[in-house]
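Each chain, written out:
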Amino acid sequence: MTTTEVNVGRATARAGGRRTVRGAAHRLDAMLRRIAKGPADPTHQRLGPRHWLRATGTLQGPALVELAGDGPDVRVSAWGPGATWSLEQAPRLLGCHDDPAGFEALAALNPVLAAAHAADRGLRIGATDNLAEALAPAVIEQKVTVPEAFGGLRRLITGYGRVPPLPAGPLGERAARMRVPPGAHEWCTVPSFAFTRAGVDGRRAAVLVAAMRRCASLERALTGAGSGAERARLLRTIPGIGPWSAARVLQWAWGDPDAWSVDDFHVPRLMAVALTGHRGDGEAAEQALEPYRPHRYRVELLLAPAVARADRRGARLSLPEHVPGIRPRSRPGGRNPHWTGPSRAGHRPCAS
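As the structure is a prediction and not an experimental result, all values here were calculated from the model. (Residues numbered from 1 in each chain as written. Predicted model: local features only at pLDDT ≥ 70, side-chain atom pairs only at ≥ 80, totals over all residues. Heavy atoms only, no water.)

Trainee: With reference to specific residues and values, describe the overall build of the chain.
Mentor: Looking only at helices and strands, one finds 16 helices and 5 strands in the chain. Counting all 352 residues of the chain, 54% fall into the buried class. Within the chain, contacts between residues at least 6 apart in sequence are counted, and of these 65% link residues at least 24 apart. Carbon and sulfur atoms make up 53% of the accessible area of the chain, which amounts to about 15800 Å² in all. (Helix = DSSP H or I, 4+ residues; strand = E, 2+ residues; numbered from the N terminus. Buried < 20%, exposed > 50% of the residue type's maximum accessible area, 1.4 Å probe, protein only. Contact = heavy atoms within 4.5 Å. Areas by Shrake-Rupley, 256 points an atom, 1.4 Å probe, with all protein chains shown as cover.)

Trainee: If you had to explain the sheet that holds strand E2 (residues 44-48) to someone new, which residues and values would you point to?
Mentor: Judged by pairing direction, the sheet is antiparallel, and its 5 strands sit side by side in the order E1-E5-E4-E3-E2 without closing on themselves. Only two strands of the sheet have a single partner each, and these edge strands are strand E1 (17-21) and E2. Taking each pair of neighbouring strands and ignoring which way they run, the sheet shows an average axis angle of 20°. As paired strands, strand E4 (residues 61-70) and strand E5 (residues 73-79) are joined by 7 bridges and run antiparallel to one another. Following the sheet pairing, Val-65 is matched in E5 by Ala-78. The sheet contacts of helix H1 (residues 28-35) involve E2, strand E3 (51-58), E4 and E5, and relative to E3 the element is tilted by about 45°. Packing against the sheet, helix H2 (residues 83-93) makes contact with E1, E3, E4 and E5, and its axis sits at approximately 10° to E1. (Pairing = 2+ DSSP bridges. Axes fitted to C-alpha atoms, helices over the stretch in contact; angles between N-to-C directions.)

Trainee: With reference to specific residues and values, describe the pairing of E3.
Mentor: Burial within E3 is extensive, with 7 of its 8 residues counted as buried. Between E3 and E4, which pair antiparallel in sequence order, lie 2 residues.

Trainee: Give a detailed account of the pattern of salt bridges, specifying residues and quantitative values.
Mentor: In this structure the tally under the stated criterion is 13 salt bridges. Close ionic contact of Arg-204 with Asp-201 constitutes a salt bridge, the shortest N to O distance being 2.7 Å. Classification of Arg-204 as buried rests on a relative accessible area of 4%. Since its relative accessible area comes to 34%, Asp-201 is described here as partly exposed. A salt bridge links Asp-258 to Arg-293; the shortest N-O distance between them is 3.9 Å. A residue pair is termed long-range when its members are at least 10 positions apart, and Asp-258 in the loop between helix H13 (243-254) and helix H14 (267-276) and Arg-293 in the loop between helix H15 (282-289) and helix H16 (296-310) qualify at 35 residues. (Salt bridge = Lys/Arg side-chain N within 4 Å of Asp/Glu carboxyl O.)

Trainee: Help me get a handle on the packing of aromatic side chains, residues and values and all.
Mentor: Using the criterion set out here, one finds 1 aromatic pair in the structure. Cation over ring: Lys-37 sits above Trp-252, and NZ or CZ is 3.2 Å from the ring centre. Over the face of the ring belonging to Phe-103 we find Arg-298, whose NZ or CZ atom lies 5.8 Å from the ring centre. (Phe/Tyr/Trp six-rings, centres within 6.5 Å; stacked < 30°, edge-to-face > 60°. Lys NZ or Arg CZ within 6 Å of the ring centre and 35° of its normal.)

Trainee: Which residues make up the environment of Arg-154, and what values do they have?
Mentor: Topologically, Arg-154 is positioned in helix H6 (residues 146-160). Among residues more than four places away in sequence, those in contact with Arg-154 are Ala-40 and Pro-42.

Trainee: A description of the nonpolar core should follow, citing residues and the corresponding values.
Mentor: The biggest cluster of nonpolar side chains holds 60 residues, and the ones touching the most others in it are Val-74, Leu-131, Leu-135, Leu-156, Trp-187, Phe-195 and Leu-235. The biggest single contributor to this core is helix H5 (residues 131-140), with 8 residues. If sequence neighbours within four positions are ignored, Leu-131 has contacts with Cys-215, Leu-218, Glu-219, Leu-222, Leu-235, Val-249, Ala-253 and Trp-254. In this structure, Tyr-297, Leu-302, Leu-303 and Ala-308 belong to the second largest nonpolar core, which totals 26 residues. (Core = buried A, V, L, I, M, F, W, Y, C linked by side-chain atoms within 4.5 Å.)

Trainee: Provide a residue-level description of unusual backbone geometry, including the pertinent values.
Mentor: At the junction of Arg-293 and Pro-294, the peptide bond is cis and its omega measures out at 0° in the coordinates. Tracing the chain through its elements places Pro-294 in the loop between H15 and H16. In this structure, Asp-129 is a non-glycine residue whose phi angle is positive, near 55°. Tracing the sequence through the fold places Asp-129 in the loop between helix H4 (111-119) and H5. Here the phi dihedral of Asp-263 falls at roughly 70°; this positive angle occurs in a residue that is not glycine. Relative to the elements of secondary structure, Asp-263 occurs in the loop between H13 and H14.

Trainee: Give me empty space enclosed by the protein: which residues, what numbers.
Mentor: Scanning the model with the defined rule gives 3 cavities of 30 Å³ or more in all. Here the largest cavity is characterised by a volume of approximately 220 Å³. For the lining of the largest cavity, the secondary-structure elements that each account for two or more residues are E3, H5 and H6. A total of 5 residues in the lining of the largest cavity trace back to one element, the largest contributor, which is H5. Split by residue class, the lining of the largest cavity holds 11 nonpolar, 3 polar and 4 charged. Roughly 80 Å³ of volume is contained in the second largest cavity. Lining of the second largest cavity is provided by Met-31, Leu-32, Arg-34, Ile-35, Leu-93, Ile-125, Gly-126, Ala-127, Thr-128, Gln-251, Trp-252 and Tyr-297. Among the elements of the structure, H1 and H13 are those that each provide at least two residues to the lining of the second largest cavity. Of the residues assigned to the lining of the second largest cavity, the class counts are 8 nonpolar, 3 polar and 1 charged. (1 Å grid on protein atoms, 1.4 Å probe; cavity = no way out; pocket = protein on both sides within 12 Å on 5 of 7 lines; lining within 4 Å. Points joined across faces, edges and corners; volume = space filled by probe spheres on them. Nonpolar A, V, L, I, M, F, W, Y, C, P; charged D, E, K, R; others polar.)

Pasting the structure below:
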């Protein structure tokens, strides 16, 4: 486990202080890319290599968080009412809680996985500890392509999120266009026409609002759950939240190393190919991943990018032109040149 050194400064009206997270700089970019929803995400802004701004909501209020690599460490600064909470939570965001003990022996079971693990021994899985901010994208991304989902989410957050607390100077100017995502109550007040204009159909909008209405009680239940499997079961008690959405929430909010992307459009096939050498469906992927409990999501993070790169010449789905604001741009092979995030296997429609 990575150790942390804390140095929280005196809170002011605009700044909550600073802290240093030791030994996390090498994974900062990967961690933030994993939770950011594309390069135009209004809640995250990459200022440069190992340098990010993140706008987030907490029970204490909104916060703007700056994470900057400082040699091997990450210097974390925060502003706003939620600054103290964000500073205390930063090590979990950067994966310091993630313990891969026992995984090396599991990785040795498969030569492809062993090679991937040897090339990225520093991989860790971060957690945001924010259920509402995980539920919203998990629902909006259901059964649509990545550009559709990210575009709709961006429009809703820009329209109904809040400007984050802004520090003085150039950093505040850079952050002025960012937005703190709506909280659970705020999502429930978004009018139906706003979802429609953002390209979010009535079914997903209804699921999102229903989930947000239960967010507080659900978070208490999830916090008290004793395992990832129990958390997944609790999430799926909400109508419209299926295995895929539950896994996404556990990946982002809890940093669950076993919550692999079951029922995803691409991931099961990629896992079957990587672990067995043969194409297979979700059942085949489940069987291939079974020996790797409780690290199946860790296996996915190590293997999916490499297999996807080898599989890029496969067929792609075209984007629907009738969705407001979606203007597909393509090049030979159908890849989206404007997104370099984790879904590099092509535009995937997500499951529920």
